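Each chain, letter by letter, is given below.
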Amino acid sequence: MAEADRHVGILGTGSYLPEKVLTNADLERMVDTTDEWITTRTGIKERHIAADDETVGDMGAAAARQALANAGIGPESIDLIIVATITPDSYFPSTACQVQHKLGIKNVPSFDLSAACSGFVYGFSVAEQFIKGGSAKHVLVVAAEKLSAITDWSDRSTCVLFGDGAGAAVLGPVESGGILGTHLGADGSGGDLLYCRATASRSNGPHGGSPTPSNTLQMQGNVLFKHAVRLMTDAALTVIKPLGLTAADIKLIIPHQANSRILNAVAKRLGIDPQTQLYLNLEKRGNMSAASTAIALAEAVEEGRMKRGDIILLDAFGGGLTWGAMAIQW
Ligand code: UT7
């Protein structure tokens, strides 16, 4: 079969959430905020927070084990591991190498991918290229985040938004359907709207003194909000239009979960019914960056929200700025 004709689809999905739950009531005791403000402005009620000794690699491996089990394939069948994360446990080794080791997988290429909240969609697209090109048959794509580790817990404008967790999927060849179309994009000029400096980024080498202390996530939320609505809508349309699809053909949009007001505005612009065609889990999960789309996908599968032949759309936006949408036939 010609490379371009190979169909690449999702063989199995998995997710992992840490045990500890942080509610809006808990946050009311930590910063000057209210459950009412957080709920009406974001749609978030609670989020999971990893234990101090729980690593991003631990969470990613747990989600990956479930994805492998659901795909019905053993770790020895994985040819490539991609981990999307902006909160790696270390600069190096990569979280992907840690996940590889924890799963007992030997020698396959493994690397991290940094595209913030769009990382899972970027990861799917990279995996698709490897499979279509014939250099991998089964690719494990993981998105794992411990945002609690880079959150300023005294800043009410950000600390109410984020949570921890991991999602994973095994991608491989399918008879028909699978990934139908993808659009990825980035605009580095918006980098200052959402960022977290690397610990060593201000060091000037051997004569420049020590690196600055670790920094925390910084965000200009209301500016980002407008970019999110526009770019998530545009990305979705850029994917579905050339496929001859309309919003009515999309069974379920599984978006990055930053804010229910953003997602309802995107749904309105696309002309989809938010009640039936928009998957939301942020009420109980918060924003988990790359892991949000991954966990939402795994949970939608678990809940039986799509059946064979249905077309779903992943749609993500985040720091970078980055964005990505992907239409997949189930
Ligand atoms: O993950 C991918 C990228 N991220 C996003 O796309 C996030 C996009 N942005 C958002 O979701 C929203 O902008 C936020 C939820 C972050 C903020 O909502 P907003 O409606 O844009 O609020 P705002 O930042 O304009 O703040 C409005 C007011 C301010 O008070 P004043 O200046 O009007 O008196 C804030 O100080 O709300 C205040 N505020 C809070 N009040 C109570 C900000 N955070 C809180 C809080 N509790 N936690």
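Structural data are supplied above this passage.
This report concerns the structure included in the present document. (Residues numbered from 1 in each chain as written. Predicted model: local features only at pLDDT ≥ 70, side-chain atom pairs only at ≥ 80, totals over all residues. Heavy atoms only, no water.)

### Re the pattern of salt bridges
Piece 1. Scanning the model with the defined rule gives eight salt bridges in all.
Piece 2. Between aspartate 35 and lysine 45 there is a salt bridge whose closest N-O contact spans 3.2 Å. Residue aspartate 35 is found in helix α2 (residues 35-42), and its partner lysine 45 is found in the loop between α2 and β3 (46-49); the two are separated by ten residues along the sequence.
Piece 3. We classify lysine 45 as partly exposed; its relative accessible area is 30%.
Piece 4. Taking the shortest distance from any N to any O, the salt bridge between aspartate 58 and lysine 102 comes out at 2.8 Å. Here aspartate 58 is found in helix α3 (residues 56-71), whereas its partner lysine 102 is found in helix α4 (residues 95-103), with 44 residues between them in sequence. (Salt bridge = Lys/Arg side-chain N within 4 Å of Asp/Glu carboxyl O. Helix = DSSP H or I, 4+ residues; strand = E, 2+ residues; numbered from the N terminus. Buried < 20%, exposed > 50% of the residue type's maximum accessible area, 1.4 Å probe, protein only.)

### Re the nonpolar core
Piece 1. Ile250, Ile253, Ile262, Ile272, Leu313, Phe317 and Leu321 are the most contacted members of the largest nonpolar core, which has 43 residues in total.
Piece 2. Of all the elements, helix α7 (residues 221-240) adds the most residues to this core, at nine residues.
Piece 3. Excluding residues that lie within four positions of it along the chain, isoleucine 250 makes contacts with Ile240, Leu245, Gln277, Ile311 and Leu313.
Piece 4. Counting 34 residues, the second largest nonpolar core, distinct from the first, contains Leu113, Tyr122, Ala127 and Leu171. (Core = buried A, V, L, I, M, F, W, Y, C linked by side-chain atoms within 4.5 Å. Contact = heavy atoms within 4.5 Å.)

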